[in-house]
Amino acid sequence: MANIYSRPQRLYGLQFGASVYRDKITLASGDFREWITAAHVVWTKETPEFLAEFANVNHRKVLTNLSTNSQAFYVQLGYRLPWFERSVKPYYRFEYTHTPLSEQVLTNQDLVGSTLGVRYDITNYAAFKTEYRNFRRGIGEPRVNGWFAQTDFTFE
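These notes cover the structure that comes with them.

Criteria and thresholds
- Residues numbered from 1 in each chain as written.
- Predicted model: local features only at pLDDT ≥ 70, side-chain atom pairs only at ≥ 80, totals over all residues.
- Heavy atoms only, no water.
- Helix = DSSP H or I, 4+ residues; strand = E, 2+ residues; numbered from the N terminus.
- Buried < 20%, exposed > 50% of the residue type's maximum accessible area, 1.4 Å probe, protein only.
- Contact = heavy atoms within 4.5 Å.
- Areas by Shrake-Rupley, 256 points an atom, 1.4 Å probe, with all protein chains shown as cover.
- Lys, Arg positive; Asp, Glu negative; His and termini not counted.
- Charge placed at Lys NZ, Arg CZ, Asp CG, Glu CD.
- Pairing = 2+ DSSP bridges.
- Axes fitted to C-alpha atoms, helices over the stretch in contact; angles between N-to-C directions.
- Polar contact = N/O pair within 3.5 Å; in protein donor to acceptor, adjacent residues only side chain to side chain.

### Considering the overall build of the chain
Scanning the chain from N- to C-terminus turns up zero helices and nine strands. If you list the helices and strands of the chain from N to C, you get β-β-β-β-β-β-β-β-β. With the C-alpha coordinates of the chain rotated into their principal frame, the extents come out at 60 × 45 × 25 Å. For the chain, the proportion of its 156 residues judged to be buried stands at 28%. In the chain, once contacts between residues fewer than 6 apart in sequence are set aside, the share between residues at least 24 apart is 36%. Within the structure as shown, the chain displays about 10,700 Å² of accessible surface, and the carbon and sulfur contribution to it stands at 59%. One finds the centroid of the 18 positive side-chain charges in the chain at a distance of 5 Å from the centroid of its 15 negative side-chain charges.

Dropping the structure here:
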């Protein structure tokens, strides 16, 4: 595995990078070579916040040389509001995953979804988050809606 990233001093809060991972997978259906490549861009200033990542998973069957590529990405935008001592951050995330029908290692992972949420920082060490999610697993599949709530704690 190799990972490289950069955080330019002139653009404090910006990070971009890439990674690559190689492996061999043995299944009942045969041996596969796996390459996972990914890239990301992050802006963490929170007014606004921007997160984006793209990944490609390549599987090649050793015996037949049949190769498939599955892709996934997400983009998230958030903005820490100036009220309530900057403790509230609404955000939106779009996610997409595609696995071709010829993929022999992964099961169908297709997904198109959106998340709309609000994070409230209770203290510097605790937060409450609530989200509405809407997604569809495959073409012709019904959309699924859900509401989620979460509390997070951190310790020093």
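Now that the structure is up, let's keep going.
### Details of the sheet that holds strand β2 (residues 14-27)
As summarised here, the arrangement of the nine strands in space is β1-β2-β3-β4-β5-β6-β7-β8-β9, forming an open sheet in which the pairing is antiparallel. A single partner strand is all that each edge strand has here, and the edge strands are β1 (2-6) and β9 (144-153). Neighbouring strand axes in the sheet, compared pairwise and without regard to direction, differ in orientation by 15° on average. Here β1 runs beside β2; their pairing, made up of five bridges, is antiparallel. Across the sheet, N3 pairs through a bridge with S19, a residue of β2.

### A closer look at unusual backbone geometry
Note that the residue after T47, namely P48, is joined by a cis bond; omega there is 10°. Tracing the chain through its elements places P48 in the loop between β3 (30-43) and β4 (49-61). Backbone geometry places F84, a non-glycine residue, at a positive phi of 55°. Locating F84 in the fold gives a position in the loop between β5 (67-78) and β6 (88-98). Assessed through its relative accessible area of 64%, F84 is described here as exposed. The phi angle at E85 is positive, at roughly 55°, despite the residue not being glycine. Here E85 shows up in the loop between β5 and β6. Assessed through its relative accessible area of 79%, E85 is described here as exposed.

### Notes on the environment of Q15
Mapped onto the secondary structure, Q15 falls in strand β2. Its relative accessible area of 17% is what places Q15 among the buried residues. Along the backbone, Q15 and L51 are 36 residues apart, and their C-alpha atoms lie at a distance of 9.6 Å. The contacts of Q15, once residues within four sequence positions are left out, are Y5, S6, R7, H40, V41 and V42. For Q15, the side chain forms a polar contact with the side chain of R7, separated by 2.7 Å.

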